[in-house]
Amino acid sequence: MVGLFWKRGCLMQSWKPQVVPTRREALILKRLKRHRRLFAFLRYRRHELLDESFQTELVAMYRDSGAGVVPLNPAMMCLVVILQAYVQASDAEAVELSVMDARWQMVLDCLGSEKPPFSQGALQGFRERLIASDMDRRLLERTVALAKETREFGWKSLPKSLRLAVDSRPLQGAGRVEDTVNLLGHAARKIAEGAAFLLSMDYESVCHAAGIPVLVSGSSVKAALDIDWNDAEQKRAGLRTLNGQIESLVSWVNRRVGEGEIPEVAVARQIQAQDLEATHDDVVLREGVAPDRRISIEDEEMRHGRKSKTKRFDGYKEHVASDLDSRLIVACAVTPANIPEGEAAESLVQDLAQQPVTIRELHIDRAYITSELADHAEAGGVEILCKPWRGSAASKQKFSKSDFKINLRDQTITCPGGVTESFELGGTVAFSPEDCGPCPLRAWCTHSATGRGRSIHIAEDEKRQKELRKLQASVRGRERLRQRTGVEHRLAHIANRKGRRARYLGTRKNLFDLRRTAALQNLETIQCKQQGPAKMAA
């Protein structure tokens, strides 16, 4: 049976694959009892995952002018996107597998076909449509809805509200990370290539005419400069030469092509502004690292990030929100590596707002404690579970913050010596040197020199921190805090499937990749709740 969707001027067929397996499909399904079992799951459940309502949403992605080629069925292309992530195939490999792999053909309902049901360009176009219409988010939500509809999953026996856990992991960017000299050289090469194309000139002719021979004089810009990069004076001279030739190139391009015609000119200006500092007669490297520093020419959104004080990475952060009871991922976000987790939580809040879910517990780590997600949850009466900041002293032999009595109602703090001071949330309390100097407990309280007293910082969310410290102090509380490891396991599965390096350039495309991988992870979670193909076919 074939359903029809009418788009102004275009009649598009809905996808109605056969539900009961054919004899040949049954033989393939027999071989999928131990390995690659998700092929069997998708074969049995594809009509439920891609129901009529969801197909209607997918059809809405296409323009309704009636012009152009009739598109491939978007429901089938959704399965292609999932299978591609499942086997980690490239676009070209996915096209070949749709012909050479019987498991792919079975899932795509084209078993025995000698021609691929889609092209590499069609797959790329469909992916772009998913991203532009935010339907990758809906695909993830559809897997959660499928879990609710699948009786073997036992959704009715689970609590109606979620115990939501949030965590993140570093993602190495796909773009090449370069130092200042190579960034400038790479940008200049892009400018010269763009000018050569627009002016129908040879690349080398452009470089010589524009006065930038370093782009053609060696295997790299550094080789062309041919200096000792360990010598400070030679390094400064080489940087001056390169910057001068880039200025010559930009000036020539603006005269011959026009200002603003080659976007890489703006990229070169960005690198110069962030990494170089002009003096009255020279140009030198800027001291320190510029805020939001660009580190790659190919991927403009990659940034430096830190997992800890000693562990640095370049690229992005992936964030997931998972329900601890069902083990399903319900929301995802991707941010440049230098964006704090608290800012990423805003995207998670927006995705969760699109779903009919309520939260009763929020399990997070300290990086999210001051986020909009935590504030939103607290305002709604949601219990927040998070390891508190330790509040320990610089030395184990000294009094820690927990040894001071903090009265949040009166906004006063009392030291172990009995001195009371008032405070404001987010401020720092400085006890008077006149009180600390003669105090008999001074040796156990502070290392400060004579004439200075002990200081204590009061957090903006001090009330929340006090409750969390109380929770951590009990055996039952520590047990509840450890339950957040469930979302860490979800992230570990995603990392094992995707690897440590990004597949795409840019935040949005990598968000698409994370969402489809999370959808795939949800499907495997549902499949693991079931007891083999026999029950799936029931």
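Note that the structure is predicted; figures quoted are calculated from it, not measured. (Residues numbered from 1 in each chain as written. Predicted model: local features only at pLDDT ≥ 70, side-chain atom pairs only at ≥ 80, totals over all residues. Heavy atoms only, no water.)

Asker: Help me understand the overall build of the chain, please; the structure alone is not making it clear to me.
Answerer: Looking only at helices and strands, the chain has 21 helices and 15 strands in total. Each principal axis of the C-alpha distribution contributes one length, and for the chain these read about 90 × 75 × 45 Å. Counting all 538 residues of the chain, 48% fall into the buried class. In the chain, once contacts between residues fewer than 6 apart in sequence are set aside, the share between residues at least 24 apart is 66%. When the accessible area of the chain is evaluated, it comes to approximately 27,100 Å², of which 49% is carbon and sulfur surface. Taking the 83 positively charged and 70 negatively charged side chains of the chain as two groups, their mean positions are separated by 9 Å. (Helix = DSSP H or I, 4+ residues; strand = E, 2+ residues; numbered from the N terminus. Buried < 20%, exposed > 50% of the residue type's maximum accessible area, 1.4 Å probe, protein only. Contact = heavy atoms within 4.5 Å. Areas by Shrake-Rupley, 256 points an atom, 1.4 Å probe, with all protein chains shown as cover. Lys, Arg positive; Asp, Glu negative; His and termini not counted. Charge placed at Lys NZ, Arg CZ, Asp CG, Glu CD.)

Asker: Is there a simple way to think about the sheet that holds strand 13 (residues 420-422) in this case?
Answerer: Backbone-to-backbone hydrogen bonds pair the strands of a sheet. The strands run either parallel or antiparallel. Reading across the sheet, the 3 strands line up as 11-12-13 and stay open at both edges, with antiparallel pairing between neighbours. With partners counted over all chains shown, the strands left at the sheet margins are strand 11 (405-407) and strand 13, one partner each. Each strand axis lies, on average, 20° off the axis of its neighbour in the sheet, ignoring direction. Taken together, the 3 bridges between strand 11 and strand 12 (residues 412-414) define a ladder with antiparallel strand orientation. (Pairing = 2+ DSSP bridges. Axes fitted to C-alpha atoms, helices over the stretch in contact; angles between N-to-C directions.)

Asker: Would you explain the packing of helix 9 (residues 180-199) against helix 10 (residues 203-210) in this entry?
Answerer: Each pair of packed helices gets described by two things: the angle between the helix axes and the distance between those axes. Packing of helix 9 against helix 10 leaves a shortest axis separation of 9 Å and a crossing angle of 115°. Judged by the angle between their axes, helix 9 and helix 10 are roughly perpendicular. Crossing hand, helix 9 versus helix 10: right-handed. Contact with helix 9, carried on its side by Arg189, Ala192, Glu193, Ala195 and Ala196, involves Tyr203, Val206 and Cys207 of helix 10 and no other residues of that element. In the contact of helix 9 with helix 10, the residues fall into 6 nonpolar, no polar and 2 charged. (Parallel < 35°, antiparallel > 145°, perpendicular 65-115°, else oblique. Left-handed = near helix turned anticlockwise from the far one by under 90°. Nonpolar A, V, L, I, M, F, W, Y, C, P; charged D, E, K, R; others polar.)

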